[in-house]
Amino acid sequence: MKRVVSISLGASSRDRRVETDILGEEFIIERIGTDGDLKEALRLFKELDDQVDAFGLGGMDLYLFINDKKYTIRDAKRIVEQVNRTPIVDGSGLKRTLEADAIKKLDQELNLKDKKVLVVSALDRFGMAKALTEVEAEVLFGDLMFGLGLPIPIKSFNTLNLIAKFTMPLISRLPFKLFYPTGKAQEQVALNKKYEKYYHWADIIAGDFHYIKYYLPQQLSGKIILTNTITVQDLNLLKERGVSKLITTTPEFKGRSFGTNLMEAILVALLDKPVTEVKISDYLNLLQEIDFKPREIDFNQHDEFATI
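Sequence order as written defines the numbering, with residues in each chain counted from 1. Local features in this predicted model are restricted to residues whose pLDDT is 70 or higher, and side-chain atom pairs enter the listing and the counts only when it is 80 or higher, whereas totals over whole chains, interfaces and linings include all residues. Side-chain numbers here rest on the full set of heavy atoms in the structure, without hydrogens or water.

Asks: Before we go on, may I ask you to explain empty space enclosed by the protein in this structure?
Replies: One way to see where empty space is left: roll a probe the size of a water molecule over the atoms. Here a cavity denotes a set of grid points, spaced 1 Å apart and computed over the protein atoms alone, in which a 1.4 Å probe fits but from which it cannot get out, and a pocket denotes an open set meeting protein on both sides within 12 Å along at least five of seven lines; residues with an atom within 4 Å of a point are reported as lining. Grid points are joined across faces, edges and corners, and a volume is the space filled by probe spheres set on the points. Counted by the stated rule, this structure contains 3 cavities of 30 Å³ or more. A volume near 300 Å³ is recorded for the largest cavity. In this structure, the largest cavity is lined by 26 residues; those nearest its centre are G59, Y180, T229, G259 and N261. Secondary structure follows DSSP: runs of H or I at least 4 residues long count as helices, runs of E at least 2 residues long count as strands, and numbering of each begins at the N terminus. Contributions of two or more residues to the lining of the largest cavity are made by β1 (2–8), β4 (54–58), α9 (209–214) and α11 (260–271).

Asks: Any chance you could explain the layout of surface pockets here in plain terms?
Replies: When its volume is computed, the largest pocket comes out at roughly 490 Å³. Among the residues forming the lining of the largest pocket, the class breakdown is 12 nonpolar, 6 polar and 8 charged. Each residue gets one label: Ala, Val, Leu, Ile, Met, Phe, Trp, Tyr, Cys and Pro are nonpolar, Asp, Glu, Lys and Arg are charged, and the others, such as Gly, are polar.

Asks: Hey, could you run me through the packing of α11 against helix α12 (residues 280–290) in this one?
Replies: Packed helix pairs are characterised by how far apart their axes lie and by the angle those axes make with each other. To get an axis, a line is fitted to the C-alpha atoms, and for a helix only the part in contact is used. The angle between two axes follows their N-to-C directions and goes from 0 to 180 degrees. With their axes 11 Å apart at the nearest point, α11 and α12 run at an angle of 95° to one another. Relative to α12, α11 is oriented roughly perpendicular. Where α11 abuts α12, its residues E264, L267, V268, L270 and L271 lie against D282, Y283, L286, L287 and I290. Angle categories are assigned with fixed cut-offs, so that under 35 degrees is roughly parallel, over 145 is roughly antiparallel, 65 to 115 is roughly perpendicular, and the rest are oblique. Any two residues whose heavy atoms approach within 4.5 Å are treated as being in contact.

Asks: Just to check I follow, could you spell out the sheet that holds strand β8 (residues 116–119) for this structure?
Replies: The strands that make up a sheet pair up through hydrogen bonds in the backbone, lying either parallel or antiparallel. Strand pairing is assigned whenever DSSP detects at least two bridges linking the two strands. On the basis of which strands lie adjacent, the open sheet formed by 6 strands has the order β9-β8-β10-β11-β12-β15 and mixed pairing. Strands with a single pairing partner mark the edges of an open sheet, and in this sheet they are β9 (138–141) and β15 (295–298). Ignoring strand direction, the axes of neighbouring strands in this sheet form an average angle of 15°. Inspection of the sheet shows β8 paired to strand β10 (residues 204–206) by 3 bridges, in the parallel sense. By the bridge assignment, V117 is partnered in β10 with I204.

Spelled out as structure tokens, the structure:
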């Protein structure tokens, strides 16, 4: 039996452990949150190093990509450098493959051309953001708003690239918690709805759910949420707010959609070769073999969601 574990800076209240079968292999899939405690996360990585088949680094990114340019997040690098035996991934490989492919599949279903899409953080979801522009959706990028607190929407992909070119060298060196919610902050919904008009403008709100959730308006009737890492509590929250449909780019495992870092760890465990030797084509081929599909929930067909 293979075991993959995501150790996350996120809230421990979101922890889950499931057993499942993938391509004939029995898997234990586990998520352990450390409530924003970087030292505790490092302790767990060291304790479980060589005891599991692959790690996911959750609640923070190791790499952010802009086209072919890769930026390494300093806080994450400090952790990864101290994991010596077990492969560790942050989900960026899947964000560039699975999520981009999910947009293409959704375009066939939803006809995304000219749909209004708010991407709360494109730098964290570059594959998704780029794919949305390629299918000619009308996209607003919220990186300055949701990541840096600046009330400035980015209205073009070229502008996003230009801003990233000048800001990423600095941002990658800052403490990660300054621009991404960790620990109990992931459970909060802000009373300040300063970005509410952009939620209402959009047909689809896409990207990291912790960003989406923090400024979630009281009413989102008819909206589609495109995200991942959803709990039962999140499902009930979205239903209460009137959301029409939820689409997660990662599949469902016994009622839970886990993060891309944990999904990428599953692929690494199946490939059974050093992470440094894994290619994007390896992921694409394995994803096709597994037939991972986006999870869709029509809230109009569901009453309250119960914990499994």
